[in-house]
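Listed below, chain by chain, are the residues.
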Amino acid sequence: MASAIPEQRPVSIGEALRGLRHEAATYKGILSWIATVDHKRIGVMYGITAFIFFLIGGLEAMVIRIQLAQPNQSVVDPQQYNQIFTMHGTTMIFLVVMPMSAAFFNLMVPLMIGARDVAFPRLNAFSYWVFLLGALFLNFGWITGDIPDSGWFGYAPLSVQSLGHGMDFWMLGLQILGISSMAGGFNFIVTILNMRAPGMSLFRMPVFIWMTLVTSFLIILAMPVITIALFELGFDRFFAANFFNPENGGDPLLWQHLFWLFGHPEVYILILPAMGIVSEILPTFARKPLFGYPFVVFSGILIGFIGWGVWAHHMFTTGLGAPANAAFGVSTMIIAVPTGVKIFNWLGTLWGGSIHLATPLLFAVGMVAMFIIGGLSGVTHAVVPSDFQQQDTYYVVAHFHYVLFGGAIFGLFSGIYYWFSKFTGRMLSEGIGKVHFWLMLAGFNLTFFPHHMLGLLGMPRRIYSYPEGMGWDVYNMISTVGAFVIAASMLVFMFNFIRSIKRGRRASADPWDGRTLEWTIPSPPPPYNFATIPVVHARDEAWHRKYVEDDQGRIVRVPAGAEHDVESHEAAGAEGHHIHMPLPSIFPLIAAIGLPMIAFGLTYYQDTHGEWALPLIPAGVVVLLIGIFGWGLEPEAE
Amino acid sequence: MFHIKNSRTRFGVMSQVARRLPLFLLLFLLLLAVGCETDNPQNTFAPSGDVADKLRDLYLIVMWPLIGIMVVVEGLLVLSLIIFRQKRGQAVPRQTHGNTRLEVAWTIAPALFLFVLAIPTITTLRDLATVPDGDVMEIEVTGRQFSWSFRYPNEEITTTNQLTIPINQTVNVTTTGVDVIHSFWVPKLAGKADAVPGRSNAMWFNATEPGTYSGQCAEFCGVGHWEMTFTVVAMTQSDFDNWLRDQQAGNPNSNTSDLTWHPEE
Ligand SMILES: [Cu+2]
Ligand SMILES: [Cu+2]
């Protein structure tokens, strides 16, 4: 029958797509990255993109610190200053910590649960491309001069009244990024719930997987809230709606309620992944299991719930009234309890261990040490009346940098040092890594500890400059010096990273004596990760394959050969089993391209000479639909 | 196989941990002490009014125990690294999975501590929400890009960027914003009251000593936010009465009458 097909028969769409997809499988070089659906490659792209934005956000921070180093400076002008701190906050939250966490979800989740990829590989690629394009869109103002200027929190009505297209880029950029986060959130929930290796019950999951799960739920529940807020802002800006305009019955506080109802869960979206990473690293380097696994897991889940009931602690001075302020003060105190539990359990993990002071551990301990300070200063915010003084001062800036830099960024760096070898097959230099750690720790504390004092001395946030005689000069100078030390530490890190990729010591599959499944497969892992899907018998499965108790109750290593680990897996892989892997696809990228087209159209079409932009809206919709249909119709796998 | 590598560097780093962390803590306390002692125009630790006094006291009640907790917990962290650092050829440690009793204890202990903190929090909130009995001076504060106006509804005057009050007089400010959100803040006298368009927000305070107090907008409100400063001048009742008479007469010698701004016009 097949031979009877006449040659001139037109190729059906399905066949064309099938052909395209098989062709994509043969792509080499950059094209192979563009069409990739491999979670490891997507993870690498997420990580590198996020790191580049980390450098950009860091440069913005340097401008802020240079401007504030001394009183009465004008390194930039006030408008530029506002733009730079707006972009600094927006970048660090949405373009650095979130995607860096996403990088770890991508890289680690399948490896740690014994899966070959995520549940929806193409959705995963879509998620990355949407993130990249949304991030570029958000930063497009650097080219046109329309830079967002109303703060990362975008308080209405200032954000409604902001002139130019800066806040349009901000608002639509965040909408696009929200789509990316939602796609990622659903993907990881389904992956974690459905694709765990046989035997890996929920309570055998590594804590990092638990925290990814909680974070993903927070993402899919919190993003819609800011989406609504941003839609309302969009209606106010584009169509003169009155959501936030009190003259026509709107309310500026509506924005704050919506924004922080998103914003507080967002804080946990930023910190829980780092907590998960640290919860993996401390046991490995203390060489004993996480102390009180159920407590750590349940406190993470609890944080995920209570995190929804504390948003008004960002609004204590807006006049909510004493009863509401008291209620949100108390709820904020309550959330400190599960957070404290985590810290004590980490201490319990180290206590009685045999601690290997390698760089991943140093960064993890640094995370815990700095997070303690940030957590404690957070308690002072829960004491509402004292927050009446601290609100919107540098004291708050100190607090959240201890949590988000001292906490999240240190945690993410510990993850980079820990898992670098898994994906490169080489080790980061320990010596240079330690220089990086001590510089970053010292620079971080020099920069942000004085902010506590600045806040208590009455220095408000977001001020362009300040006069002499306020008592702020010394602390600002110390802080700026510290910022340069942090910058130096980043140069050391980049040197280490690039050098180690090229000439780092070769890493074994399991250089840290790891406890979780990713250490049972080669470094770097083959595209299919696991030649044979592992069967899980215990929490810390990899460790239990290596160690047993002897008859005297001592823990001894399983003699080589008796262990069913790396070698046998590699052998199985080398035999060349035919493993079905998802084929590459370019449709996620095509679909993603439609989104910024629509956003550009919306941004510009109402301008005096903006007629050209109107067609971009339907064109973007068409591109998006082409992407989605191509994606839907092409064959799923070989 | 697990090998103990780089033992020399590790011991070097170990002593660095031991030496440096306490040093950091000491540095922090020192910096904090400096903050307490200097007297600067917006120092929340040098209050000149009953409300700011309450807020400072409450902060200190909270701060000292928190510093204590910080020192203990950070100390335990560093100590655990020192005591339990890996020794050459050390066997795998006992694989303890937890200790329910201990964990319940360190869940309940912070909960109790926070419960104790909640008490002064709530009582202070109640105190601040209740304007003290007796004579109260009403002021309507309006924030706009980028200046402040202060209307005295009973005295029928309005001033700009300077609020003049008698000492030991309870002042009740009602704040609102015209264009965007601002926040009224005089650190030495009281906390913040946001000035939100379409809403009014109230806060009472007093000044216990005569003087000029520095105030500043505390909510980001645009390009001039950093310059949106104002002063509160507190004077004795008789000085205030004189000032008020000058104002009501439109006396040009008065330091603020030329700045008067009438939002209704
Ligand atoms: Cu919050
Ligand atoms: Cu302002």
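Just above, that's the structure.
Residues numbered from 1 in each chain as written. Chains lettered and ligands numbered in written order. Predicted model: local features only at pLDDT ≥ 70, side-chain atom pairs only at ≥ 80, totals over all residues. Heavy atoms only, no water.

> So what about the overall build of chain A? Which residues, and what values?
The number of helices and strands found in chain A is 21 helices and two strands. A compact globule built from 638 residues should have a C-alpha radius of gyration of about 26 Å, and chain A, at 26 Å, falls within 12% of that. Along the longest, intermediate and shortest principal axes, the C-alpha atoms of chain A span 80 × 75 × 45 Å. For chain A, with 638 residues in total, the buried portion stands at 67%. Long-range pairs, those at least 24 residues apart, make up 81% of the contacts in chain A between residues at least 6 apart in sequence. In the structure as shown, chain A presents an accessible area of about 21,300 Å², 70% of it carried by carbon and sulfur atoms. Taken as two groups, the 31 positive and 39 negative side-chain charges of chain A have centres that lie 11 Å from each other. (Helix = DSSP H or I, 4+ residues; strand = E, 2+ residues; numbered from the N terminus. Rg over C-alpha atoms; globule rule 2.2 N^0.38 Å. Buried < 20%, exposed > 50% of the residue type's maximum accessible area, 1.4 Å probe, protein only. Contact = heavy atoms within 4.5 Å. Areas by Shrake-Rupley, 256 points an atom, 1.4 Å probe, with all protein chains shown as cover. Lys, Arg positive; Asp, Glu negative; His and termini not counted. Charge placed at Lys NZ, Arg CZ, Asp CG, Glu CD.)

> I'd like to hear about the coordination of the copper ion (ligand 1), residue by residue, with values.
Six octahedrally arranged donors around a metal ideally form angles of 90 or 180 degrees; four tetrahedrally arranged donors ideally form angles of 109.5 degrees. Residue and element names in this part refer to chain A. Taken together, the protein ligands of the copper ion (ligand 1) are His 264 (ND1), His 313 (NE2) and His 314 (NE2), with distances of 1.6 to 2.0 Å. Expressed as a motif, the donor residue spacing for the copper ion (ligand 1) is H-x48-H-H. Residue His 264 is located in helix H10 (residues 252-286), and its partner His 313 is located in the loop between helix H11 (293-306) and helix H12 (322-350); the two are separated by 49 residues in the primary sequence. (Donors = N, O, S within 2.8 Å, 3.2 Å for Na, K, Ca; no water.)

> I'd love a proper account of the coordination of the copper ion (ligand 2), names of residues and values included.
All names here are of chain B. Protein-derived ligands of the copper ion (ligand 2) are Cys 217 (SG), Glu 219 (O), Cys 221 (SG) and His 225 (ND1), with the metal-ligand distances lying across 2.1 to 2.5 Å. Taken together, the four donor atoms coordinating the copper ion (ligand 2) span angles of 87 to 127° at the metal, a pattern that classifies the geometry as tetrahedral. One chain supplies every donor for the copper ion (ligand 2), spaced along it as C-x1-E-x1-C-x3-H. Residue class for Cys 217 comes out buried when judged on its relative accessible area of 0%. Exposure remark for Cys 221: the relative accessible area of 0% places this residue in the buried category. (Tetrahedral: all angles 85-135°; square planar, octahedral: opposite > 155°, others 65-115°.)

> Describe helix H8 (residues 166-194) of chain A, and please don't skip the residues or the numbers.
Here H8(A) spans 42 Å end to end across 29 residues, near enough to the 42 Å set by a 1.5 Å rise per residue. The buried fraction of H8(A) amounts to 23 of the 29 residues, a majority that puts the element mostly inside the structure. (Expected span 1.5 Å × (residues − 1).)

> Tell me about the interface of chain A and chain B, residues and numbers included.
For interface size, the figure often reported is the accessible area lost on association. Contact with chain A, which involves 106 residues of that partner, is made by 94 residues of chain B. Of the roughly 8,800 Å² buried between chain A and chain B, counting both surfaces, carbon and sulfur atoms make up 71%. Seen at the junction of chain A and chain B, the total is one salt bridge. Notably, a salt bridge pairs Asp251(A) with Arg199(B), separated by 2.7 Å at the nearest N-O pair. Here chain A and chain B share 21 residue pairs in polar contact (both at pLDDT 80 or more) between them. The dominant element in the side of chain A that touches chain B, judged by the number of residues it contributes, is H12(A), at 14 residues. Taken together, the residues that form the side of chain A that touches chain B break down as 65 nonpolar, 28 polar and 13 charged. (Buried area = accessible area lost by both parts, 1.4 Å probe. Salt bridge = Lys/Arg side-chain N within 4 Å of Asp/Glu carboxyl O. Polar contact = N/O pair within 3.5 Å; in protein donor to acceptor, adjacent residues only side chain to side chain. Nonpolar A, V, L, I, M, F, W, Y, C, P; charged D, E, K, R; others polar.)

> How would you sum up the sheet that holds strand S3 (residues 157-160) of chain B? Please name residues and give values.
Residue and element names in this part refer to chain B. The strand order S3-S2-S1-S5-S8 describes an open sheet built from five strands, whose pairing is mixed. Unpaired on one side and paired on the other, S3 and strand S8 (201-205) mark the two borders of the sheet. Averaged over all neighbouring strand pairs, the angle between strand axes comes to 25°, with direction disregarded. Along the sheet, helix H4 (residues 237-248) contacts strand S1 (136-144), strand S2 (147-152) and S3; its crossing angle with S3, the most-contacted strand, is approximately 100°. (Pairing = 2+ DSSP bridges. Axes fitted to C-alpha atoms, helices over the stretch in contact; angles between N-to-C directions.)

> Provide a residue-level description of the layout of surface pockets, including the pertinent values.
Residues and elements named next belong to chain A. Here the second largest pocket is characterised by a volume of approximately 1,200 Å³. Lining of the second largest pocket is provided by 41 residues; of these, Trp 33, Lys 40, Arg 41, Val 44 and Leu 107 occupy positions nearest its centre. Elements represented by at least two residues in the lining of the second largest pocket include exactly helix H1 (13-25), helix H2 (29-34), helix H3 (39-68), helix H4 (78-113), helix H15 (394-424) and helix H17 (473-503). The element contributing the most residues to the lining of the second largest pocket is H3, with eight residues. Residues of the lining of the second largest pocket, tallied by class, amount to 30 nonpolar, five polar and six charged. (1 Å grid on protein atoms, 1.4 Å probe; cavity = no way out; pocket = protein on both sides within 12 Å on 5 of 7 lines; lining within 4 Å. Points joined across faces, edges and corners; volume = space filled by probe spheres on them.)

> Quick rundown of the packing of H12(A) against helix H13 (residues 359-382) of chain A? Include the residues and the values.
All names here are of chain A. Between H12 and H13, the shortest axis-to-axis distance is 10 Å and the interhelical angle comes to 155°. Considering their axes alone, H12 and H13 lie roughly antiparallel with respect to each other. Classified by chirality, the crossing of H13 by H12 is left-handed. In this structure, H12 contributes Gly 329, Thr 332, Met 333, Ala 336, Thr 339, Ile 343, Trp 346 and Leu 350 to the contact, and H13 contributes Leu 361, Val 365, Met 367, Val 368, Phe 371, Ile 372, Val 379 and Ala 382. (Parallel < 35°, antiparallel > 145°, perpendicular 65-115°, else oblique. Left-handed = near helix turned anticlockwise from the far one by under 90°.)

> Give a detailed account of the environment of Leu138(A), specifying residues and quantitative values.
Residue and element names in this part refer to chain A. Locating Leu 138 in the fold gives a position in helix H5 (residues 121-138). Given a relative accessible area of 1%, Leu 138 falls into the buried group. Linking Leu 138 and Ile 48, residues 90 residues apart in sequence, is a C-alpha distance of 18 Å. Residues within four places of Leu 138 in sequence aside, it is in contact with Met 87, Thr 90, Leu 95, Pro 148, Phe 169, Trp 170, Gly 173, Leu 174 and Leu 177.

> Can you tell me about the pairing of strand S5 (residues 170-177) of chain B, naming the residues and giving the values?
All names here are of chain B. Taken across its eight residues, S5 has six buried, putting it largely inside the fold. Taken together, the eight bridges between S1 and S5 define a ladder with parallel strand orientation. Bridge pairing links Glu 138 to Asn 172 in S5. Alignment of S5 against S8, held across five bridges, turns out to be antiparallel. When the sheet's bridge partners are listed, Thr 175 is paired in S8 with Asn 201.

> Break down helix H21 (residues 616-633) of chain A for me, with residues and values.
Residue and element names in this part refer to chain A. In this model H21 runs 25 Å from its N-terminal to its C-terminal C-alpha over 18 residues, within 8% of the 26 Å that 1.5 Å per residue would give. Taken as a whole, H21 has its buried residues at Ile 617, Gly 620, Val 623, Leu 624, Gly 627, Gly 630 and Trp 631. Here the buried residues of H21 occupy an arc of 165° about the axis, which is enough to place them on one side. Away from its buried face, by an angle of more than 90 degrees, H21 presents the exposed residues Phe 629, Gly 632 and Leu 633. Where H21 is buried, its residues touch H1, H5 and helix H20 (587-604). (Arc of directions from axis to C-beta.)

> So what's going on with the sheet that holds strand S10 (residues 229-235) of chain B? Residues and values would help.
Residue and element names in this part refer to chain B. Spatial ordering of the open sheet is given by S4-S10-S9, a layout of three strands whose pairing is mixed. This sheet does not close on itself; its edge strands, each paired only once, are strand S4 (162-166) and strand S9 (211-216). The average undirected angle you get between the axes of adjacent strands in this sheet is 20°. Across five bridges, S4 lies against S10 in parallel orientation.

> Can you break down the pattern of salt bridges residue by residue, with the values?
All names here are of chain A. The final tally for this structure, using the stated rule, is 17 salt bridges over all chains. The closest approach of N and O atoms between Arg 287 and Asp 513, which form a salt bridge, is 3.6 Å. Taken together, the positions of Arg 287 in the loop between H10 and H11 and Asp 513 in the loop between H17 and helix H18 (541-546) put the pair 226 residues apart, joining distant regions of the chain. Look at Arg 287 and you get buried, because its relative accessible area is 7%. By relative accessible area, Asp 513 is classed as buried at 5%. What emerges from the salt-bridge pattern is a single network uniting Arg 287, Asp 510, Asp 513, Lys 546 and Arg 557.

It is worth stressing that arrangement in space is one thing and function is another; only the former is reported here.
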